[in-house]
Amino acid sequence: MPDRPDFQFESEASPPQLTLSGDWTVHTIRDVSERLAAAQKSDVKELQADCTDLGRLDTAGAFIIDRFACRAGAGEVKAVNASPQVSALLEQAASLRPEEHEEKSKTEYGVVDLLERTGRTTMSFLEETTATLAFLGETIASMAHMVTRPSKMRWTALVSVMEDSGLDAVPIVAFLSFFVGMVIAFIGATTLSEFGATIFTVELVGFAVLREFGVVITAIILAGRTNSAFTAQIGAMRMRQEVDALVTLGLNPMDVLVVPRAFAMLVMTPILTLIAALFGLGGGVFVSWLALDINPTVFINRLQSAVPVANFWVGMSKAPVFGLVVALIGCRQGLLVGGSVQSLGQSTTKSVVQAIFSIIVIDAMFALFYLELGI
């Protein structure tokens, strides 16, 4: 039979001492836990636990002891005459303490606190950027390995992702691009009519849609639609421990989960960008025909003569990069999901925000690059 657990609490000692005896396990602590909770406590900074007569101890007993110390105000429990196993259990229980309510609710508004929060945010941004670049390198290495050994590619998963993220996204990409083209044409017609130069609406639509809006609209749609889906899918697998099961089976999660999605986005994003450019030009043709009396044939002929084809290739060159960014961030945030639903929601939100932010920043870098090249 296990020894009955007991304790003595000496609050007047320096430091206050909790003398433990008997077995403190999940099967024996029922009675002693109530007495320990009702014991007189005083505000102490450190609690000393004498484990000379302590028998067996498990995590349940360590939790009860640490909860008593926490209620007494002690920052830590110092074990005396304890085995390494007992000390390790008490340290583990202390590490799982929730943050103090006062610390959570305390808010500082001073200059020092502002500088501290700014510094923490900056360091967090740098660490996140470094981790993302490291994941990018790992992804590229896995993709290169898969190219050299195509027999290891999971073609069924690749085709399935291409259908979900590419083919199923065609209607919304085409629909939104058409109306974006209409908006650009309306703005051009309204502004240029004041100068009697409404015919230049063709050049405005051509440059804007082919060079920027077609690929950016496509990338933002994929960031909100496909990126969040990648994070949710892989995050759900993390919550159900399916990713750990893949590792147990000797499979690399990068090869199984990340590489097919990255290749699918590299293939489908340029196709969706082409569709977005065509429908964006279609929206410009529609408005020009109805509002400006510019015949579609005249619109197309002027577009061919006034808008260099290099603008089309500028937009298309951005598409694979944006597709890789969407797949990269979506998969990485999915792999970072913990075991809770709250973690899944936070990772999905963070994934979408990071993808849109990265798309805008990379597009600005592309603009500066092509400006220096004179394209």
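To be clear, the structure that these remarks concern was listed above.
Rules used throughout
Residues numbered from 1 in each chain as written. Predicted model: local features only at pLDDT ≥ 70, side-chain atom pairs only at ≥ 80, totals over all residues. Heavy atoms only, no water. Helix = DSSP H or I, 4+ residues; strand = E, 2+ residues; numbered from the N terminus. Rg over C-alpha atoms; globule rule 2.2 N^0.38 Å. Buried < 20%, exposed > 50% of the residue type's maximum accessible area, 1.4 Å probe, protein only. Lys, Arg positive; Asp, Glu negative; His and termini not counted. Charge placed at Lys NZ, Arg CZ, Asp CG, Glu CD. Expected span 1.5 Å × (residues − 1). Contact = heavy atoms within 4.5 Å. Pairing = 2+ DSSP bridges. Axes fitted to C-alpha atoms, helices over the stretch in contact; angles between N-to-C directions. Core = buried A, V, L, I, M, F, W, Y, C linked by side-chain atoms within 4.5 Å. 1 Å grid on protein atoms, 1.4 Å probe; cavity = no way out; pocket = protein on both sides within 12 Å on 5 of 7 lines; lining within 4 Å. Points joined across faces, edges and corners; volume = space filled by probe spheres on them. Nonpolar A, V, L, I, M, F, W, Y, C, P; charged D, E, K, R; others polar.

Peer 1: Even after reading the chapter, I still don't get the overall build of the chain, so can you show me in this structure?
Peer 2: From N to C terminus, the chain includes 13 helices and 4 strands. At 31 Å, the chain has a C-alpha radius of gyration far larger than the 21 Å of a compact globule built from 375 residues. In terms of overall dimensions, the chain has a C-alpha envelope of 95 × 55 × 35 Å along the principal axes. In the chain, which comprises 375 residues, the share counted as buried stands at 43%. Side chains of the chain give 26 positive and 37 negative charges; the mean places of these two sets differ by 4 Å.

Peer 1: When you look at helix H7 (residues 170–192) in this model, what are you seeing that I'm missing?
Peer 2: Residues lying three or four places apart along an α-helix face the same way, a consequence of the helix completing one turn every 3.6 residues. With 23 residues, H7 extends 32 Å from end C-alpha to end C-alpha; this agrees with the ideal 33 Å at 1.5 Å per step. Contact partners of the buried residues in H7: helix H8 (201–239) and helix H10 (253–291).

Peer 1: Help me understand the sheet that holds strand S3 (residues 46–57) in this model?
Peer 2: Backbone-to-backbone hydrogen bonds pair the strands of a sheet. The strands run either parallel or antiparallel. Taken together, 4 strands build an open sheet; the order of strands is S1-S2-S3-S4 and the sheet is mixed. Each of the sheet's edge strands pairs with one partner strand only, and the pair in question is strand S1 (6–10) and strand S4 (76–80). Along the sheet, successive strands turn relative to each other by an average axial angle of 25°, direction set aside. With 5 bridges joining them, S1 and strand S2 (residues 17–24) adopt antiparallel strand pairing. Across the sheet, residue Glu-10 finds its bridge partner in S2, namely Gln-17. The sheet contacts of helix H2 (residues 59–72) involve S1, S2, S3 and S4, and relative to S2 the element is tilted by about 160°. The strands touched by helix H3 (residues 84–95) are S3 and S4; relative to S3, the strand with the most contacts, the crossing angle is about 130°.

Peer 1: Help me out: how do you make sense of the side chain of Thr-139 in this one?
Peer 2: Summarising the element assignment, Thr-139 is placed in helix H5 (residues 111–148). Dropping the residues within four chain positions of it, Thr-139 is found in contact with Met-254, Val-258, Ala-262 and Leu-328.

Peer 1: Could you clarify how one ought to interpret the nonpolar core in this entry?
Peer 2: Within soluble globular proteins, side chains that are nonpolar tend to cluster in buried spots. Counting residues in each nonpolar core, the largest one holds 43 residues, and the members touching the most others are Phe-135, Leu-257, Phe-263 and Leu-335. Going through the elements one at a time, H5, helix H6 (155–165), H8, helix H9 (242–248), H10, helix H12 (310–335) and helix H13 (341–373) are the ones with two or more residues in this core. If one sorts the elements of this core by residue count, H10 sits on top with 11 residues. In contact with Phe-263, other than residues within four places in its own chain, are Met-143, Met-146, Val-147, Met-153 and Leu-158. Ranked by size, the runner-up nonpolar core spans 24 residues in total, among them Leu-36, Leu-54, Ala-62 and Ile-65.

Peer 1: Just checking my understanding: could you explain empty space enclosed by the protein for this structure?
Peer 2: Evaluation of the coordinates by the stated rule reveals 3 cavities of 30 Å³ or more. One number sums up the size of the second largest cavity: a volume of about 40 Å³. Within the residue set of the lining of the second largest cavity, elements represented by two or more residues are H8, H10 and H12. Counting residues per element, the lining of the second largest cavity draws most heavily on H8, which supplies 4 residues. Class assignment for the residues of the lining of the second largest cavity results in 6 nonpolar, 3 polar and no charged.

Peer 1: Would you mind showing me how to read the environment of Pro-296 here?
Peer 2: Mapped onto the secondary structure, Pro-296 falls in helix H11 (residues 296–306). In this structure, the C-alpha to C-alpha distance between Pro-296 and Val-285, residues 11 residues apart in sequence, is 6.0 Å. The residues touching Pro-296, leaving out its near neighbours within four places in the chain, are Val-285 and Trp-289.

Peer 1: Hey, could you run me through the environment of Arg-35 in this one?
Peer 2: Note on placement: Arg-35 falls in helix H1 (residues 29–38). C-alpha of Arg-35 to C-alpha of Trp-24: the two residues are 11 residues apart in sequence and 13 Å apart in space.

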